[in-house]
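Overview (structure and organization)
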Amino acid sequence: VFLRADLNVPLRDGRVADDTRLRASLETLEFVRRRGGRVLLASHLGRPKGAPSAALSLRPVAEALGLPLAPDCIGSQVEALASQLHDGDALLLENLRFHAGEEKNDPAFVAALARLCDVYVNDAFGTAHRAHASTEGLARASRVRAMGFLLAREGEALTRGRDEPEHPYVCILGGAKVSDKLAVLESLSRRLKGRLVPLQIP
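Here's a quick rundown of the structure. (Residues numbered from 1 in each chain as written. Predicted model: local features only at pLDDT ≥ 70, side-chain atom pairs only at ≥ 80, totals over all residues. Heavy atoms only, no water.)

What to know about the layout of surface pockets
- Each pocket or cavity is described by its volume, and for the largest pocket that value is around 1400 Å³.
- Taken together, 36 residues line the largest pocket, and the ones lying closest to its centre are F125, G126, T127, H129 and K181.
- Split by residue class, the lining of the largest pocket holds 12 nonpolar, 13 polar and 11 charged. (1 Å grid on protein atoms, 1.4 Å probe; cavity = no way out; pocket = protein on both sides within 12 Å on 5 of 7 lines; lining within 4 Å. Points joined across faces, edges and corners; volume = space filled by probe spheres on them. Nonpolar A, V, L, I, M, F, W, Y, C, P; charged D, E, K, R; others polar.)

Things to note about the sheet that holds strand β6 (residues 119-122)
- Here five strands make up an open sheet; going across it, the order is β5-β4-β1-β6-β7 and the pairing parallel. Taken across any chain shown, the strands that pair with only one partner, and hence form the sheet edges, are β5 (90-92) and β7 (144-147). Strand-to-strand twist of the sheet, defined as the mean angle between neighbouring strand axes without regard to direction, takes the value 20°.
- The pairing of strand β1 (residues 2-4) with strand β4 (residues 39-42) spans three bridges and is parallel. Paired with L3 across the bridge in β4 is L41.
- Packing against the sheet, helix α1 (residues 20-34) makes contact with β1, β4, β5 and β6, and its axis sits at approximately 165° to β4. (Pairing = 2+ DSSP bridges. Helix = DSSP H or I, 4+ residues; strand = E, 2+ residues; numbered from the N terminus. Axes fitted to C-alpha atoms, helices over the stretch in contact; angles between N-to-C directions. Contact = heavy atoms within 4.5 Å.)

Description of the side chain of S43
- Relative to the assigned elements, S43 resides in the loop between β4 and α2 (59-65).
- Residue classification places S43 among the buried residues on the basis of a relative accessible area of 0%.
- At a separation of 3.4 Å, a polar atom in the side chain of S43 contacts the main-chain carbonyl oxygen of A5.
- Engagement of the side chain of S43 in a polar contact is seen with the backbone nitrogen of L7, the distance being 2.9 Å.
- With near-sequence residues (within four places) excluded, S43 lies in contact with R4, A5, D6, L7, N8, L58, E94, N95 and L96. (Buried < 20%, exposed > 50% of the residue type's maximum accessible area, 1.4 Å probe, protein only. Polar contact = N/O pair within 3.5 Å; in protein donor to acceptor, adjacent residues only side chain to side chain.)

What about the pairing of β4?
- What you see with β4 is no split at all: V39 and L41 on one side and L40 and A42 on the other are buried throughout.
- Note: β4 against β5, three bridges, orientation parallel. Bridging from a neighbouring strand, L41 pairs with L92 of β5.

This is the structure:
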């Protein structure tokens with residue numbers, strides 16, 4: 001089972017500084033493992049720009065989760081490690097974005113990921129909107145695919161907030177890329193009875 005999670009956590013001095021996203025991923029990971037699934041856990045970390053970076057290795061994440069870390073996320077060595085997993089085992093793959101093919105949704109990179117698994121599960125809510133190899137490409141390439149518990153819950157919460165908002169209604173959006181949020185704000189403004197009030201927090 002290729003489990004795409006969002007393990008893009010802050011690091012400090014080579015350790016995970018905030019494990020919130022790790023804990024949020026455990027429900028799906030443990031669900032698959034308890035049922036005998038052999039899990040290849042995958043994520044990106046930071047923005048390494050398509051090349052390996054020791055500072056953006058998922059090693060601190062592997063240590064925090066108590067999982068072995070593969071030396072890469074594709075290739076013959078990783079395929080060999082995957083084939084040696086036993087029922088209930090899990091292996092964390094190295095940072096997907098160490099390969100330019102991840103963000104480019106490159107068909108060859110998708111095919112290399114697809115060789116690793118029989119089942120694809122997306123539980124990476126934070127990156128599910130991106131058409132990357134491990135989110136969009138692999139989902140299309142996999143015959144058996146599903147969403148994890150975290151992704152399902154977030155989708156249900158967004159649907160309720162969009163279609164059946166209770167009033168008074170408060171929406172707080174954050175992040176560095178304002179352009180990504182404009183369409184969301186415009187859609188919400190049509191559903192809200194009040195006003196949208198922009199706040200700037202220094």
